[in-house]
Amino acid sequence: MTTVKPTRQDLTNKVSLSGKVQLGPTFGLVAPVDGEIRYLDVKAPTSTPTKPTKVANVWAGGKATPIEVPAGAVFSGRLVDDRSKVTAGMPVVSAKQSGYGVVADIDGSQAYQISDQLESVQAQIKSGPGPFPCTVLGTLAALPAGAIPEPVTPQPNPSASAAPPPRIVGQQQQPSEPTGMRLVCVPPADVKAINGAAATVEVITARVAGALVLPVEAVAGSQGHGKVDVVKADQTRETREVTLGLSDGKVIEIKSGLTGDETIAVPGPNLPAAKNNEPVPGFTK
């Protein structure tokens, strides 16, 4: 019988994404609270904004919570209808970064790993600068096509003697196109970027110092819950439930259920098969 003892080590959860450098990437802003969204009339800027641009409010309980496009980016579309009911975290506004960004596509299996928290993000441009810290913009969620309403033209006053001034038509702002799930981040100003260059983005979602860990082979289970076989002094096994935490693919954090003094059998316990005799999805033996 192969056995191991729990050990303690620092643990980091990382996700690696493939991306590229893109000029003027689109990103999404989400509703900060549940409520009703009311958009503002946003005029197209004549230059890159140096201050945040307020584009909407979410009203709840008589209180307005603003939504602002950050400095260095411009409003590029409404993602839901005006006065719609929205929930916190729902994409409601699209914006376009003025300058270079690094865009990394995210597939469904990675989305829930990195959606809750991004402790730090680093990028490396292939055969170029890096690794360097990369500042994340907006949400990871996929975005629908944006919509920019037509500007309201003042109606002439029939009683006025003078003719109304002619309307000056400027360059029409183009609404954003739909996007898939992706991470958009901005490199430091001193990083030389080339549009279209391949890049790798490393996302650290969480860190734990001094975590109690076991090899993944010694644990059956996932999604926070698992089981291990504790070997007693008489060499018999006792299956014990444990709470799981971070994993780097080699070891997994044991958050509760063990003191650290136990002897654990490897491999871990077998879990019951599903009704169709297939292994239970999401679990390892």
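For the structure itself, consult the block above.
Residues numbered from 1 in each chain as written. Predicted model: local features only at pLDDT ≥ 70, side-chain atom pairs only at ≥ 80, totals over all residues. Heavy atoms only, no water.

Colleague: Please give an account of the overall build of the protein chain that cites residues and values.
Modeller: For the protein chain, the count of helices and strands is one helix and 20 strands. For the protein chain, the proportion of its 285 residues judged to be buried stands at 36%. Long-range pairs, those at least 24 residues apart, make up 74% of the contacts in the protein chain between residues at least 6 apart in sequence. (Helix = DSSP H or I, 4+ residues; strand = E, 2+ residues; numbered from the N terminus. Buried < 20%, exposed > 50% of the residue type's maximum accessible area, 1.4 Å probe, protein only. Contact = heavy atoms within 4.5 Å.)

Colleague: How would you summarise the sheet that holds strand β8 (residues 85-86) if you had to cite specific residues and measurements?
Modeller: In space, the four strands of this open sheet follow the order β6-β5-β4-β8, with antiparallel pairing throughout. At either end of the open sheet lies a strand with only one pairing partner, and these are β6 (63-69) and β8. Here strand β5 (residues 53-60) runs beside β6; their pairing, made up of seven bridges, is antiparallel. Residue threonine 53 lies in a different strand from β6, and its bridge partner there is valine 69. (Pairing = 2+ DSSP bridges.)

Colleague: Outline the pattern of salt bridges, listing residues and values.
Modeller: Under the criterion given, the structure shown has five salt bridges. Two residues, glutamate 36 and arginine 38, come together in a salt bridge whose shortest N-O distance is 2.9 Å. Given the relative accessible area of 17%, glutamate 36 is considered buried. Here glutamate 36 ties to arginine 83 by a salt bridge, and the two come within 3.6 Å at their closest N and O atoms. In this pair, glutamate 36 is assigned in strand β4 (residues 35-39) and arginine 83 in the loop between β7 (73-78) and β8, connecting sequence segments 47 residues apart. With a relative accessible area of 51%, arginine 83 lands in the exposed category. Salt bridges here are not isolated pairs; linked through shared partners, they connect Glu36, Arg38 and Arg83. (Salt bridge = Lys/Arg side-chain N within 4 Å of Asp/Glu carboxyl O.)

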